[in-house]
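One-letter residues, chain by chain:
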Amino acid sequence: MRIGFIGFGEVASILSKAIRECGAEVTAFDILLEQEGGRERLRKRVQADGIDFAPLADVVRGAEYVISTVTTRVARQAAEDCAGHLHSGQVFIDFNSTAPSVKVEMAAVIEPTGADFVEGAILGAVGATGTKTRILASGAKGEEVAATLSGLGLNVRYYSPEFGKASTFKMLRSIFSKGLEALILELLIAGRRAGIEEDLWKDVAAFMGSKPFEKIASNWLRTHATAHERRYHEMVQVAETMQAMGIDPVMTAGTEAFFSRSRTLGLDDAFPEMPEAMDEVVAHMEKMLGKK
C-alpha cells in the first residue's frame, strides 16, 4: 500500500508513523520543500524511518491513497493542485476541517480526474490522542477507506455515502468543543480578575465529575423548558457583573441572548410541567425556530 500525504504538519507526522509501522509506503509533500531549509525542518517532524519527501506531482502519482492534511484555508486549493496528477484507481482523502459545502466542492474538483474522493473528519486533537483519535469517512469509497486505514493503525469509521455528512458532524460537534473551550476561558479570566479562579475551577470540576455528563446535560435541557425565564434574568445579572469588572462578556452575552430567544418560542405553553425527555425540548425548539 502506498500513501501520499499533502501537508506534513503535526497530523501527518503522527498518522504517517502508524501507517509506516504497519508496513505501508509513505511519501509526503509540503510547501516547506520549496523554501530554503524547509526539507531539514520537515525531517525533524518525521517520527518513523522510511518516510520520504518528494515534489507534489511525484507524491500524488505514486500513491494509491492521497491524504490531504494541509490547513482549512488552503484545503480546496490543495485539491485543485493535486487534481492534475490524479488518475483512475486512486483515492483522494481530505482530512481538513472545512464546511460541508467545501467538501462537496472538492469532490467536484477530484471526480473528473477518475479518482475517487473521500471526505474525512477528525474528531479530536491528534496531538493529544494520537492514532486513537476518531476519524469519520464519507463517500462511495468511504467504507473501503475506513477499513484500509484502520488496518494501517488509524481509528477510522465509515459514516455515510454522502459527501458533507462527516464534515457536518465535525462542524456541529465543534459548537460544543470549541464553545466549551471559550466558555471555560471566559469563566477563569473573570475568576482571576475577581481573585477566585482556583475556587471556581475546583467547584466546576467537582460538579462535572459528580455525575455522568449525560445526566447533567440532559437535566439542563429538560429544565430549560420551564426555567429559561429565570435563567435569562440571571444571565443579565452575570453580564452586568462581568462588565463591572471591566471584562467584555462575549460568551455570557451569547448565553443571555440564547435564553432571551427561548422566551419567544412558546416553551411555557408547550411545557406546563418539566418534560420527561430532553428530546422533547430540542424538537420543540427546532420546530419553532423553523417558523421564524
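In short, a report on the structure. (Residues numbered from 1 in each chain as written. Predicted model: local features only at pLDDT ≥ 70, side-chain atom pairs only at ≥ 80, totals over all residues. Heavy atoms only, no water.)

Our focus in this paragraph is the overall build of the protein chain. Looking only at helices and strands, one finds 13 helices and eight strands in the protein chain. Taking the principal axes of its C-alpha atoms as reference, the protein chain extends roughly 65 × 45 × 30 Å. Within the span of the protein chain, comprising 292 residues, buried residues form 39% of the whole. Sequence-distant contacts, at least 24 apart, represent 63% of the contacts inside the protein chain between residues at least 6 apart. Total accessible area on the protein chain stands at roughly 15,800 Å², and carbon and sulfur atoms take up 54% of it. With 33 positive and 40 negative side-chain charges, the protein chain shows a separation of 2 Å between the mean positions of the two kinds. (Helix = DSSP H or I, 4+ residues; strand = E, 2+ residues; numbered from the N terminus. Buried < 20%, exposed > 50% of the residue type's maximum accessible area, 1.4 Å probe, protein only. Contact = heavy atoms within 4.5 Å. Areas by Shrake-Rupley, 256 points an atom, 1.4 Å probe, with all protein chains shown as cover. Lys, Arg positive; Asp, Glu negative; His and termini not counted. Charge placed at Lys NZ, Arg CZ, Asp CG, Glu CD.)

Attention now moves to the sheet that holds strand β2 (residues 25-29). Reading across from one edge, β3-β2-β1-β4-β5-β6-β7-β8 is the order of the eight strands in this open sheet, with mixed pairing throughout. The open sheet has two free edges, formed respectively by β3 (51-53) and β8 (155-160), since each of these has just one partner strand. Looking at each pair of strands side by side, their axes are set apart by 25° on average, direction ignored. Where strand β1 (residues 2-6) lies against strand β4 (residues 65-68), four bridges are found, and the strand directions are parallel. Looking across to β4, one finds that Phe5 is bridged to Ile67. Sitting on the sheet, helix α8 (residues 165-194) touches β6 (116-123), β7 (134-138) and β8, and the angle it makes with β6 is about 20°. (Pairing = 2+ DSSP bridges. Axes fitted to C-alpha atoms, helices over the stretch in contact; angles between N-to-C directions.)

Now for α8. Taking 1.5 Å per residue, 30 residues should reach 44 Å; α8 reaches 43 Å between its end C-alpha atoms and fits that length. Taking the largest bend as the criterion, α8 deviates by roughly 35°, centred on Ser174. Residues of α8 that are buried: Ala166, Ser167, Lys170, Ser174, Glu186, Leu188, Ala190 and Gly191. In the segment just after α8, Gly195 is the residue with positive phi, at about 80°. (Expected span 1.5 Å × (residues − 1). Bend = angle between axes of the 7 residues up to and from the residue.)

Take the packing of helix α10 (residues 213-244) against helix α13 (residues 278-290) next. Interaxial distance between α10 and α13 falls to 8 Å at its minimum, and their mutual angle equals 55°. In terms of their interaxial angle, α10 and α13 are classed as oblique. For the pair α10 and α13, the crossing hand works out as left-handed. Taking contact as the criterion, the partners of Ser218, Leu221, Arg222, His224 and Ala225 in α10 are, on α13, Met278, Val281, Val282 and Met285. Looking at side-chain class alone, the contact of α10 with α13 contains six nonpolar, two polar and one charged residues. (Parallel < 35°, antiparallel > 145°, perpendicular 65-115°, else oblique. Left-handed = near helix turned anticlockwise from the far one by under 90°. Nonpolar A, V, L, I, M, F, W, Y, C, P; charged D, E, K, R; others polar.)

Core analysis: the biggest nonpolar cluster contains 33 residues, and Ile3, Phe5, Phe8, Ile19, Ile93, Phe95 and Leu149 have the highest contact counts within it. The dominant element in this core, judged by the number of residues it contributes, is helix α1 (residues 10-21), at five residues. Ignoring any residue separated from it by four or fewer positions in sequence, one finds Ile19 in contact with Ile3, Phe5, Ala24, Val26, Leu152 and Leu154. In this structure, Cys82, Met106, Val109 and Phe117 belong to the second largest nonpolar core, which totals 20 residues. (Core = buried A, V, L, I, M, F, W, Y, C linked by side-chain atoms within 4.5 Å.)

Here we take up the pairing of β6. Among the eight residues of β6, seven are classified as buried, and the element is accordingly described as predominantly covered. Bridge analysis of strand β5 (residues 91-94) against β6 gives four bridges, and the strand direction is parallel. Opposite Val91, over in β6, you have Asp116 as the bridge partner. Following the backbone out of β5, through helix α5 (residues 100-110) and into the adjacent parallel β6, one traces a crossover that is right-handed. Bridge analysis of β6 against β7 gives five bridges, and the strand direction is antiparallel. Its bridge partner lying in β7, Ile122 is registered against Ile135. (Right-handed = clockwise from strand over helix to strand, strands pointing away.)

Along helix α7 (residues 142-151), the residues classified as buried are Gly142, Val145, Ala146 and Leu149. Along the axis of α7, the buried residues cluster in a sector spanning 100°; they form a single face. Summarising the geometry of α7, the exposed residues directed more than 90 degrees from the buried face are Glu143, Ala147 and Gly151. If you follow the buried residues of α7, they end up packed against β1, β4, β5, β6, β7 and β8. (Arc of directions from axis to C-beta.)

It is worth spelling out the side chain of His284 at this point. In this fold, His284 is placed in helix α13. On the basis of relative accessible area, His284 is assigned to the buried category, the value being 15%. For His284, the residues in contact, after removing those within four places along its chain, are Leu265, Gly266, Leu267, Ala270 and Phe271.

Following the criterion strictly, the structure yields nine salt bridges and no others. Here Glu80 makes a salt bridge to Arg76, at a shortest N to O gap of 2.0 Å. Here Arg76 and Glu80 lie together in helix α4 (residues 75-83), a separation of four residues that amounts to about one turn. Overall, Arg76 belongs to the partly exposed group, its relative accessible area being 31%. With a closest N to O distance of 3.1 Å, Glu105 and Arg76 form a salt bridge. Note that Glu105 is positioned in helix α5 and Arg76 in helix α4, a separation of 29 residues in sequence. According to the relative accessible area criterion, Glu105 is partly exposed, its value standing at 35%. One connected set of salt bridges, linked through shared partners, spans Arg76, Glu80 and Glu105. (Salt bridge = Lys/Arg side-chain N within 4 Å of Asp/Glu carboxyl O.)

These figures capture arrangement, not role.
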